[in-house]
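# Fold and contact review
Listed below, chain by chain, are the residues.
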Amino acid sequence: MFVLLLGYFKAKPITLTPGFHQVKHDLAYICQSVFPGTGLRPFNLSKKELERVYQRIMILCDYRRWNAREHEQILMRYLADQASAWSSPRHLFDAAVEYSSIERVAIPGYSTLQKIISRVLVQQHSALASQVKETLSDDLKNQLQSLLETKCTLGLKGLRQSARNFTSPELDKELAIHQHIQHWMPEVLSTVKALSLSEKNLNYFAERVDYYGSKLKRQPQTRQQLYLLCYLQFRWQQALERIADGFIHHVRQTQHKAKAFAQESVYLEWQKAANNVSKAANILSLFTDSSVDPEQSFGRVREQALSMLPLRELESVCLFLNDQKRSVEEALWQYYDQREALRTGLLRSLFLCLHFEGNEETQRLAMTLQQASIDLKTHGKLSLETMNLVRVPARQRPHLRNKQEQPDPGRHEWALYQQIPRRLNGQLTLPDVAKYRSLEDDLVEKSRWQRDKDTLLDSSQLPKLMAHSDELVQNMMRQLNSRLEEVSTYLEDSDNRNVILRNPQGKRHWRLPGGNKKQLVNNPFFQQIPTTSVADVLRMVDRDTAFIDCFEHVLGSHAHSRRHEFDLLAILIGNATNQGIYGIAQISDRTYDQLSTIQANYLRLETLQAANDQINNATARLQIFRHYQIQEDLVHASADGQKFETRRETFKTRYSSKYFGTQKGISAMTLIANHAAINARVIGANEHESHYVFDLLMSNTSEIIPEVLSTDTHGVNHVNFALLDLFGFQFAPRYAQVGRVLNDLFDVKETADQRIRLKLKNPIKHKRIQQHWDTIARIAISLKERRTTQASLVRKLSGYKKNHPLLEALTEYNRLVKAQYLLSYISDASLRQYVQRALNRGEAYHQLRRAISNVNGDQFRGSSDEEIQLWNECARLVANAIIYFNSSILSRLLNSFEHQDDAAKVDIVKQASPVAWYNINLKGTYSFELSEKLPDLEELMASIDGYKPVLEK
């Protein structure tokens, strides 16, 4: 029993009180492999014996037992600090486990942790409620109460009805909401600021309003006020962000249309001029016609000429005869003149909601925009002083004047609007919009950083941030130089024909064979099994994992009630297969009204994520799971995006002719570890996948924790190596053109004795890294505290010039880590195979995910971004359930073949992938009635060649 408990403790440092029959199989294995003999008779350890065993284990493992008096208050203080960053119970649970591991204290029991976390959350909520009660004015209290009680358009229900796309009617909703709550915002902002909430907590509390909906009234009043305050700030910022995005969208769309109009207009005018040459000949004949009275005025002759050909067409003919074309710029501004209604209507309304700030280079532009806003609010047009401040290229200046050679207010307004989109990358900022505010506003406050820096770095538990920066960078530089020597020796001593190739011109080319892109789907094992309805698969998975218990009622009532389990299964399948609850009601034994009510009360992102975690954690406990490891003792994950077309327009849907033709769609990013989809996120088809890989890792709440992450080229940018390295992850991408990447970073030279020498093309500027390490650490802590996201960080850094000191420091650190990885990639063929295998698994999941969505046309029908995300999570759950179901089959096969000592089949099973759907019936009609008999897994597997059930003794 000592050996068994020692093994359990090393796997997870918790103290157990197992009964003999709970561990008899593991004890039997130990007796066979470690202490061969006649076996053991059933026994149980007494309390004192168990105490002595764990005393010895603690000494051997250098751990201490949990002691409530000694450790509870310290843990509570630590969790209180963590709760200030994110008060999610799951986050606090993970933080408690991490703290126990760092302090070498055995993890306390689940119920103990549950009580501690509950107390921490109660204390946090009580403190926030007290602050709200003290700082909130009576007037704002009444206004918040009216939001709950009113049934008008812009009550709480109206605020929750957000715009779904960039059309004018939808953006009008955001404008109305902004106008409605604007006068409350000064007090709301000051109150929320006094609460010192992190961005993650602010969003978490704001989400409670959507979480509870109309049932928010049943919460305590102070909690209502806290949630509504956070929601008002969140909704105001969301409205401003959509107003800004809508403004940018319409300005850019107008520019594209103007350009197309101008090109077509000039071409058509040129063609028309060519056709009018004969008419121009008639005009010229006026000068040779003897019947024309030579005494009449030129004006009279001119009238005759213009009666034959209008003035503008005559001008075009003149240009044609001189082999000239009318200016494209002129045609552009003609188009803008035609869109006056857009400028004075929607665009101006959007613009007047925005407050711009600039940096040193754009300060003049920001002041001009502020003055323009005042002019438009006051006079409805730009003043002469403001128009004189508008800077435009010299070629445009003549077109900004009217026929009287006076500045044209309308065209100056267009010229001003056109300067905004391309500068909202950091040159211009919107301080009230998280997406467009300055990077400084996203980071830990400078005063707090200077005061508490050491405490913040120590509490992060990130070794590279806790280390001395100079020593860390110098050690990494020494390691890099050492690796350059080692890889140079490897290239010289080994047969490098598979690494470097010299073409006839004498140039070297890299050639690094990677792993094969093998198809990992639909293993022949599963083709021998009778097909099972996807509804029955979900029922069987729920029987093993109880994932339905994760779908709690919005009010917390009916906890773990299973009276709606079949309705929930129908909803999950309907959304996953893009049929929706209306579609699934037509082809199943469920009714639409019932499904609609259940979905509103139980289906939310957090309940879906919890259910996915429940299934994935159960998969990780199966016997076959450890054989899914790509690298021994390391979880090697991959992240990739998959494009899906959408039937309706939302803020995230975008055109992409490559993937959607003339339609719009989104990209579903998924994090895959050991075949399980452990996290996912929907992003716009126009967004770069590399901006989200770090966020996917950090927001993973399952027990499967990746240590290595691979992506394709789309997952690489100028900071991902640096960010993942700082947080303890290894980034291992596969480059589509690895030779070009290596040539950009390294030089292959020959020494005087003709030996190969590999060196960096441009030395790492390590002094620049050391000089700005303080800011790099501040950025990392801000990410750790969830004050900002990787997507926001990268977007804002991309707006900096290449020689900006901070960007240069981060880029150099990124190059340092990237160089070390690429040197390993060159010299280690196994690493290249690991990376390819990880990406193959991502592609296999995409095929399964596509098979599920193809049931009803492979298009999302969600009418909002939130609904699309919900449907994507449903599809992830169904895919994970299929993977669990197939993994259960493989686990039983493995157990059977091991019992039969069939080593060949054992090896085949270990290499098999659980990503298969040939044995799953995804289509047809569905029955969810309890009377339906659940299929028996042993009966399904009976048809597999060589399978024999292992009966327990």
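For clarity, every value in this text was computed on a predicted model and none was experimentally measured.

Within the chain, the secondary structure is distributed over 42 helices and 15 strands. Taken along its principal axes, the extent of the C-alpha atoms in the chain is 135 × 85 × 65 Å. Across the chain, every contact between residues at least 6 apart in sequence was considered, and the portion connecting residues at least 24 apart equals 75%.

Here we come to the pattern of salt bridges. Following the criterion strictly, the structure yields 37 salt bridges and no others. A salt bridge links Asp452 to Arg451, with the shortest nitrogen-to-oxygen separation between them at 3.2 Å. Arg451 sits in the exposed class, given a relative accessible area of 58%. Connected through shared salt-bridge partners, Glu174, Arg235, Arg242 and Glu866 make up one network.

A separate point is the environment of Ser887. Topologically, Ser887 is positioned in helix H40 (residues 865–899). The class of Ser887 is buried, set by a relative accessible area of 0%. Between the alpha carbons of Ser887 and Val748 there is a distance of 47 Å; along the sequence they are 139 residues apart. With residues up to four places along the chain from it excluded, the contact list for Ser887 reads Thr619, Leu622, Ile624, Tyr628 and Pro914.

On to the nonpolar core. Counting residues in each nonpolar core, the largest one holds 169 residues, and the members touching the most others are Phe547, Phe551, Phe746, Leu758 and Leu893. At 18 residues, the largest contribution of residues to this core is made by H40. Beyond its immediate stretch of four places on either side in the chain, Phe746 contacts Leu484, Leu758, Lys759, Leu760, Lys761, Ala819, Leu822 and Leu823. One finds Trp184, Leu347, Val390 and Val433 within the second-largest nonpolar core, a separate group that totals 83 residues.

Take a nonpolar patch on the surface next. Residues Val3, Val34 and Phe35 make up a contiguous nonpolar surface patch of roughly 250 Å² in combined accessible area. Relative to the elements of secondary structure, Val3 occurs in helix H1 (residues 2–11). The class of Val3 is partly exposed, set by a relative accessible area of 33%.

Our next topic: the environment of Asn840. Looking at the secondary structure, you find Asn840 in helix H39 (residues 829–853). Judged by relative accessible area, which is 8%, Asn840 ranks as buried. For the pair Asn840 and Lys193, spaced 647 residues apart in sequence, the C-alpha to C-alpha distance is 47 Å.

Let us now look at the pairing of strand E8 (residues 664–673). Side-chain direction in a regular strand flips from residue to residue, so the side chains alternate between the two faces of the sheet. With 10 of 10 residues buried, E8 is to be regarded as a mostly interior element. The alternating pattern of E8 places Lys664, Ile666, Ala668, Thr670 and Ile672 and Gly665, Ser667, Met669, Leu671 and Ala673 on opposite faces, both of which are buried. Looking at chain direction, strand E6 (residues 636–646) and E8 are connected through nine bridges and run antiparallel. Bridged to Ala637 within E8 is Ala673. Where strand E7 (residues 654–655) meets E8, two bridges bridge the pair, whose relative direction is antiparallel. The residue of E8 that forms the bridge with Arg654 is Gly665. Pairing geometry for E8 and strand E9 (residues 676–684), over eight bridges, is antiparallel.

Attention now goes to helix H37 (residues 790–797). The element H37 is extensively covered by neighbouring structure, given that seven of its eight residues are classed as buried. Every buried residue of H37 is listed here: Gln790, Ala791, Ser792, Leu793, Val794, Lys796 and Leu797. Looking at the packing, one finds that the buried side of H37 touches helix H21 (439–442), helix H32 (693–698), helix H33 (720–726), helix H36 (773–784) and helix H38 (805–827).

The subject of this paragraph is the environment of Lys643. Tracing the sequence through the fold places Lys643 in strand E6. Among the residues examined, Lys643 registers a relative accessible area of 17% and is labelled buried. Note: C-alpha distance between Lys643 and Tyr659 (16 residues apart in sequence) is 6.9 Å. Leaving out residues up to four positions away in the same chain, Lys643 has contacts with Tyr659, Phe660, Ile666, Ser667, Ala685, Glu689 and Arg850.

Residues at a pLDDT of 70 or more form 94% of the chain, whose mean pLDDT is 87. Element-level mean pLDDT values for the chain span from 61 in strand E3 (residues 500–502) up to 97 in strand E10 (residues 708–710).

The full count for this structure, using the stated rule, is 28 aromatic pairs. Ring geometry for Phe247 versus Phe351: centroids 6.2 Å apart, planes at 35°, classification tilted. Of the two residues, Phe247 is situated in helix H12 (residues 221–275) and Phe351 in helix H17 (residues 340–351); the sequence distance between them amounts to 104 residues. Given the relative accessible area of 1%, Phe247 is considered buried. According to the relative accessible area criterion, Phe351 is buried, its value standing at 1%. Between Tyr582 and Tyr592, the aromatic rings sit 5.8 Å apart at their centres with planes inclined by 75°, giving edge-to-face as the arrangement. Taken together, the residues Tyr582 in helix H28 (residues 580–586) and Tyr592 in helix H29 (residues 592–602) connect sequence positions 10 residues apart.

In this section: the side chain of Asn814. With respect to the helices and strands, the residue Asn814 is situated in helix H38. Exposure remark for Asn814: the relative accessible area of 4% places this residue in the buried category. With sequence-adjacent residues up to four places away left out, Asn814 is seen in contact with Asn717, His718, Val719, Asn720, Phe721 and Ala722.

Our focus in this paragraph is the packing of helix H22 (residues 446–460) against H36. One way to put it is that H22 packs onto H36 with a least axis distance of 10 Å and a crossing angle of 70°. It follows from the interaxial angle that H22 and H36 lie roughly perpendicular. Where H22 abuts H36, its residues Lys446, Trp449, Lys453, Leu456, Leu457 and Ser460 lie against Asp774, Ala777, Arg778, Ile781 and Lys784. Within the contact of H22 with H36, the residues separate by chemical class into five nonpolar, one polar and five charged.

Below, the discussion takes up the pairing of E6. Among the 11 residues of E6, 10 are classified as buried, and the element is accordingly described as predominantly covered. Pairing between E6 and strand E14 (residues 859–860): two bridges, direction parallel. The partner of Thr646 across the bridge, within E14, is Phe860.

We now examine the packing of H36 against H38. In contact at an axis separation of 10 Å, H36 and H38 are set at 80° when each is read in the N-to-C sense. Judged on the interaxial angle alone, H38 and H36 are roughly perpendicular. Two secondary-structure elements touch here, H36 through Trp773, Thr775, Ile776 and Ile779 and H38 through Leu806, Ala809, Leu810 and Tyr813. The residue makeup of the contact of H36 with H38, split by class, is seven nonpolar, one polar and no charged.

With respect to the helices and strands, the residue Asn575 is situated in helix H27 (residues 565–576). Judged by its relative accessible area of 1%, Asn575 falls in the buried class. Not counting residues up to four positions away in its chain, the partners in contact with Asn575 are Gly580, Ile581, Gln599, Leu603, Trp871 and Cys874.

Turning our attention to unusual backbone geometry. Here the phi dihedral of His675 falls at roughly 75°; this positive angle occurs in a residue that is not glycine. By the secondary structure assignment, His675 is in the loop between E8 and E9. Even without being a glycine, Asp901 presents a positive backbone phi close to 55°. Looking at the secondary structure, you find Asp901 in the loop between H40 and helix H41 (903–911).

The rules we used
- Residues numbered from 1 in each chain as written.
- Predicted model: local features only at pLDDT ≥ 70, side-chain atom pairs only at ≥ 80, totals over all residues.
- Heavy atoms only, no water.
- Helix = DSSP H or I, 4+ residues; strand = E, 2+ residues; numbered from the N terminus.
- Contact = heavy atoms within 4.5 Å.
- Salt bridge = Lys/Arg side-chain N within 4 Å of Asp/Glu carboxyl O.
- Buried < 20%, exposed > 50% of the residue type's maximum accessible area, 1.4 Å probe, protein only.
- Core = buried A, V, L, I, M, F, W, Y, C linked by side-chain atoms within 4.5 Å.
- Patch = residues over 30% accessible without salt bridge, like charges linked within 9 Å, V, L, I, M, F, W, Y side chains within 5 Å.
- Areas by Shrake-Rupley, 256 points an atom, 1.4 Å probe, with all protein chains shown as cover.
- Pairing = 2+ DSSP bridges.
- pLDDT = per-residue confidence, 0-100.
- Phe/Tyr/Trp six-rings, centres within 6.5 Å; stacked < 30°, edge-to-face > 60°.
- Axes fitted to C-alpha atoms, helices over the stretch in contact; angles between N-to-C directions.
- Parallel < 35°, antiparallel > 145°, perpendicular 65-115°, else oblique.
- Nonpolar A, V, L, I, M, F, W, Y, C, P; charged D, E, K, R; others polar.

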